[in-house]
Amino acid sequence: MSDWFPFWLSLRVSVIATVISGVLGVAIAYLLAKWRSRLASLVEVVFTLPIVLPPTVLGYYLLTSLGSRSVLGGVWEATFGAPLVFTQTGAVVAATVSALPFVIRAARAAISNVDPRTEEMARVIGLPEWKVARVVTLPLAARGIGAGIALGFARALGDFGATVMVAGNIPGQTQTLPVAVYDAVQSGDGDTARTGSLVLGAVAVVVLLVVTQVFARRR
Amino acid sequence: MSTLEVAIRVVVPEFVVEAAFSAPAGITVLAGPSGSGKSLTLAAIAGTVRPNRGRIRIGETLLADAEHGVHVRSQERRLGVVYQHAGLLEHRSPIDNVRLAVGGDVVAAGEMLERVGASHLRTKRTKTLSGGERQRVALARALVGSPAALLLDEPFSSLDTPTREDLRRLVRELVTERRLIALLVTHDAQDVSALADRVVEYEPGRTVAASE
């Protein structure tokens, strides 16, 4: 592979997307786990949609809601003086939205699995609610949360459909590694396609190993 | 001297408990068959269950008054609890477990661990503690914040006989020296004879007043 730009871009985009979806996802998961109502289930469905939607469809919705002619896109452009779509930031948004449901689902399950009696005990000994979360709930759910974040990272790194819709396929600017692999195949560049696929495949295997061996192991 | 006063009706799925008793300083044993609502009474006092009717107060402090919508949060009730399964945070050391109950005060936590004869356990891994060691740490955690009342739910039931006797002695000493209001839920007749200053007899569905 002659040009390593797509690799470094993919890595940067997916790391930033993982941090954002990690923080946001754990917060949303915590609220969903504690807030039991019909509305909460509806909110969870909305946040889970990116898993089941075809990535290009997800990308289409992002594009129409973030493009220059949309309200959000307009606000973004007025604030930062440049459009959001077809930029590296757009790629981060696409990767974040794709990764978020993986974090939310795993974290929500892990947080719901924490024995409520342990949390009650923490309240009785006087810990305020935020400290119950920090000292009891989140540490006890750490493995599930970690697994969700690892899967989210893999999803962010591997995203094709949403990214290509929102960020486009501009070589040297917004072309991430999965998009570069597609591009290489189309143009008959077998070397780039092979190396790119090998790198992405290796990362996927490592993430799965981490999830199954480290995070999912029984205590 | 303040007294813990309980007069409540709690309804949970397929289960109704009515309890009315008062507990001054000393050990009040809640006795009766399982399923008669003793633990549910403790949960109502701890604030993890809301009574459907009635009041709970300690001295002048109202903890719950169902008729007037009063339900003080568990955090603000200033209670110490030791349950059968100690409920220690396994991922934190014993000293941390105690310290958390007293706003992070390491000195107070250390002194309390020493008082219950567990200062050698300070920094051990909580996971590795024996049943008796756990209950000592749990007792330290329950008492370090000078609670208004101490709630004990079968605290000795998973222990062997010598350990059980040691802990009974320790609980008796601590209750006497601190003039604590302590409620003890137990099925063990020896607990009753060794520790009870008063007994509240539970029967499924209703409660008899305390006897000395």
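Not measured: the values here are computed from a predicted model.

Asks: Whenever I open this one, the environment of A:Val181 confuses me. Can you help?
Replies: All names here are of chain A. Here valine 181 is to be found in helix H10 (residues 177-186). Classification of valine 181 as buried rests on a relative accessible area of 14%. With 166 residues separating them in the primary sequence, valine 181 and valine 15 have C-alpha atoms 20 Å apart.

Asks: Help me understand the side chain of A:Ser98, please; the structure alone is not making it clear to me.
Replies: All names here are of chain A. As for its placement among the helices and strands, serine 98 is situated in helix H5 (residues 88-113). Taking relative accessible area as the criterion, serine 98 reaches 1% and is therefore assigned buried. Setting aside anything within four residues of it in sequence, one finds serine 98 in contact with Leu58, Arg155, Asp159 and Ala162.

Asks: Honestly, the packing of helix H2 (residues 38-52) of chain A against H5(A) in this entry has me stumped. Any pointers?
Replies: In a pair of packed helices, the angle between the axes and the distance between the axes together describe the arrangement. Residues and elements named next belong to chain A. Where H2 meets H5, the closest approach of the two axes is 7 Å, and the angle between their N-to-C directions is 125°. Considered as vectors, H2 and H5 are oriented oblique to each other. As H2 runs across H5, the sense of the crossing is left-handed. Between H2, through Glu44, Phe47, Thr48, Pro50 and Ile51, and H5, the contact on the second element is made entirely by Val97, Leu100, Pro101, Phe102, Ile104, Arg105 and Arg108. For the contact of H2 with H5, the per-class residue count stands at eight nonpolar, one polar and three charged.

Asks: It is not clear to me how the interface of chain B and chain A should be interpreted in this structure. Could you clarify?
Replies: Often, the extent of an interface is quoted as the loss of accessible area upon association of its parts. If you look at the interface, chain B gives 16 residues, while chain A gives 15 residues. Interface area, chain B with chain A, both sides summed: about 1400 Å², of which 67% is carbon and sulfur. Looking at the side of chain B facing chain A, the largest losses of area belong to B:Gln75, B:His91 and B:Leu100, adding up to 36% of the total buried there. In this assembly, chain B and chain A are joined by zero salt bridges.

Asks: Hey, could you run me through H10(A) in this one?
Replies: Each full turn of the α-helix corresponds to 3.6 residues, which orients residues three or four apart in the same direction. All names here are of chain A. All of the buried residues in H10 are Leu177, Pro178, Val179, Ala180, Val181 and Ala184. Buried residues along H10 sit in contact with helix H1 (5-34), helix H8 (142-158), helix H9 (161-166) and helix H11 (190-215). Phi for glycine 188, located one or two positions after H10, is positive at around 75°.

Asks: It is not clear to me how the environment of A:Ser37 should be interpreted in this structure. Could you clarify?
Replies: Residues and elements named next belong to chain A. Looking at where serine 37 falls in the secondary structure, it is placed in the loop between H1 and H2. Between the C-alpha atoms of serine 37 and glycine 146, which are 109 residues apart in sequence, the distance is 26 Å. Separated by 3.2 Å, the side chain of serine 37 and the backbone nitrogen of leucine 39 make a polar contact.

Asks: Would you take a moment to explain the pairing of strand E7 (residues 79-83) of chain B for this structure?
Replies: Consecutive side chains of a regular strand alternate in pointing toward one face of the sheet and then the other. Residue and element names in this part refer to chain B. Burial analysis of E7 places four of its five residues in the buried class, which makes it a mostly covered element. Here five bridges tie E7 to strand E8 (residues 149-153), and the two strands are oriented parallel to one another. Among the inter-strand pairings, glycine 80 is bridged to a residue of E8, identified as leucine 150.

Reading guide: rules and limits
Residues numbered from 1 in each chain as written. Chains lettered and ligands numbered in written order. Predicted model: local features only at pLDDT ≥ 70, side-chain atom pairs only at ≥ 80, totals over all residues. Heavy atoms only, no water. Helix = DSSP H or I, 4+ residues; strand = E, 2+ residues; numbered from the N terminus. Buried < 20%, exposed > 50% of the residue type's maximum accessible area, 1.4 Å probe, protein only. Contact = heavy atoms within 4.5 Å. Axes fitted to C-alpha atoms, helices over the stretch in contact; angles between N-to-C directions. Parallel < 35°, antiparallel > 145°, perpendicular 65-115°, else oblique. Left-handed = near helix turned anticlockwise from the far one by under 90°. Nonpolar A, V, L, I, M, F, W, Y, C, P; charged D, E, K, R; others polar. Buried area = accessible area lost by both parts, 1.4 Å probe. Salt bridge = Lys/Arg side-chain N within 4 Å of Asp/Glu carboxyl O. Polar contact = N/O pair within 3.5 Å; in protein donor to acceptor, adjacent residues only side chain to side chain. Pairing = 2+ DSSP bridges.

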